[in-house]
Number of protein chains: 2
Amino acid sequence: MKLLEERILRDGVVKPGNVLKVDNFLNHQLDVRFLDEVGKEFYRLFSDVRVDKIMTIETSGIAVAMAAARYFDVPVVFAKKTQSLNIDGEVYKTKIHSFTHNRTYDVIMSGKYLHKDEHILIIDDFLANGCAAEGLISLICDAGAKVEGVGIVIEKGHQEGGKRLRERGIRLESLAIVDAMNAETGEITFREQ
Amino acid sequence: MKLLEERILRDGVVKPGNVLKVDNFLNHQLDVRFLDEVGKEFYRLFSDVRVDKIMTIETSGIAVAMAAARYFDVPVVFAKKTQSLNIDGEVYKTKIHSFTHNRTYDVIMSGKYLHKDEHILIIDDFLANGCAAEGLISLICDAGAKVEGVGIVIEKGHQEGGKRLRERGIRLESLAIVDAMNAETGEITFREQ
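This structure is a prediction, so every number in the text was calculated from the model and none was measured.

Visitor: Got a sec to walk through the pairing of strand β6 (residues 91–98) of chain A? Specific residues and values, please.
Guide: Residues and elements named next belong to chain A. Burial of the side chains of β6 is restricted to one face: Tyr92, Thr94, Ile96 and Ser98 are buried, whereas none of Val91, Lys93, Lys95 and His97 on the reverse face is. Sheet topology note: the β6/strand β7 (residues 103–110) ladder contains eight bridges and is antiparallel. Residue Ser98 lies in a different strand from β7, and its bridge partner there is Arg103. Hairpin connection between β6 and β7: a loop of four residues separates the two successive antiparallel strands, and Asn102 in this loop has a positive phi of roughly 50°.

Visitor: Help me get a handle on the pattern of salt bridges, residues and values and all.
Guide: Residue and element names in this part refer to chain A. Tallying each qualifying case throughout the model produces 40 salt bridges over all chains. A salt bridge links Asp106 to Lys95; the nearest nitrogen and oxygen atoms lie 2.6 Å apart. Taken as a pair, Asp106 in strand β7 and Lys95 in strand β6 lie far apart in primary sequence, eleven residues in all. Take Asp106: its relative accessible area is 40%, and that puts it in the partly exposed class. With relative accessibility at 57%, the residue Lys95 sits in the exposed group.

Visitor: Break down the relation of the copies chain A and chain B for me, citing the residues and quoting the values.
Guide: Taken as rigid bodies, chain A and chain B are interconverted by a rotation of 180° and an axial shift of 0.0 Å, the fit giving an RMSD of 0.0 Å. Put plainly, the chains are arranged around a two-fold axis. Relative to the rotation axis, the closest C-alpha in chain A is found at Thr59 of chain A, a distance of 2.9 Å. Mapped onto chain B, 100% of the interface residues of chain A are again interface residues, and the two copies thus contact each other with one and the same surface.

Visitor: Tell me about the interface of chain A and chain B, residues and numbers included.
Guide: The extent of an interface is frequently quoted as the accessible surface area lost upon association of the parts. With 41 residues of chain A in contact, the opposing surface of chain B contributes 41 residues. Both faces combined, the contact of chain A with chain B buries some 3700 Å², and carbon together with sulfur accounts for 56% of it. For the pair chain A and chain B, the interface holds four salt bridges. Notably, a salt bridge pairs Arg33 of chain B with Asp73 of chain A, separated by 2.3 Å at the nearest N-O pair. Secondary structure elements with two or more residues in the side of chain A that touches chain B: β2 (19–21), β3 (29–30), α2 (32–45), α3 (61–72), β5 (76–79) and β7 of chain A. Looking at which element gives the most residues to the side of chain A that touches chain B, the answer is α3 of chain A, with six residues. Direction of pairing for β5 of chain A relative to strand β3 (residues 29–30) of chain B: antiparallel, over a ladder of two bridges. When the bridges of β3 of chain B are listed, Val76 of chain A appears paired with Leu30 of chain B.

Rules behind the numbers
Residues numbered from 1 in each chain as written. Chains lettered and ligands numbered in written order. Predicted model: local features only at pLDDT ≥ 70, side-chain atom pairs only at ≥ 80, totals over all residues. Heavy atoms only, no water. Buried < 20%, exposed > 50% of the residue type's maximum accessible area, 1.4 Å probe, protein only. Helix = DSSP H or I, 4+ residues; strand = E, 2+ residues; numbered from the N terminus. Pairing = 2+ DSSP bridges. Salt bridge = Lys/Arg side-chain N within 4 Å of Asp/Glu carboxyl O. Least-squares fit on C-alpha atoms with pLDDT ≥ 70 in both. Contact = heavy atoms within 4.5 Å. Buried area = accessible area lost by both parts, 1.4 Å probe.

Here you go:
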């Protein structure tokens, strides 16, 4: 997505430790008008499949999932990273490791909002090692629902997550794939798509 | 907001310990079309003031803030509950106690996204003791920005938060105010507005 690559080049900041900061439009400040374009692009890319629901994980996936869901006209569900006092009944659980925060989260999803035979599109802001996406896929499989695909705003192409999902036969659409970045020069190289 | 009260009566579940569960449309599953109506209502209520930015706090405020921001055509910023490895530069900090999760969070907001003299509208899903709203107000004041008001989806009117904000002269608009709820009968009483 050209508009996204331009935005990353303009506003993204490369930091040591393989960090790409895009918090002025994607995950601290939210450029709502821009996210609307991102949502529209996911709708275009996945317009050929049935989508009953969009699933994401708190926190930074929520805004993108909301933007996409308006075009699909479906609800969003988001998996929660901590045991909430307010979830009861059947609950699907998994563990997800975050390399960004260097910790492992228990991730839960109420059984009331994920049903057998539903067609689910996963949307998230970043894909790096793929732990979050794989955790969500495992929750969806536990519910007997179907993963129609994974839509990612920024894939870190030099990490393994995207490769692993594609090898599993999961349909993955990343709006921008960063193949290399240099914290010293600030240079960012995108994969041709 | 009539539509919201009807939705709470239809889908809300009262649990012991003063808990009102509305996680099938507001904070676990998100009814995007309904949230759009909620956003529109906030726009109507605050249409007489200047709003440069909408501020909320992760996690469940994000979806409502996004929905409102589309109508105001302004960005959203959300305060973060944990120290992120990815925030540097000037940072505003405060502490917020969550009675729901029975813990105190360090809450941070990058100084890059909150500026002197900006007019800020706070949006959140719930107001009970008011700790989250007061924390956000303190971050906004630290930045030298102006709080134009607080928009809340569901205020728990039998708790102190709303009263305290109104006594401070903060403009507070709650789309539904629950004055009483009974976990045994499931009965919910709204304040006439």
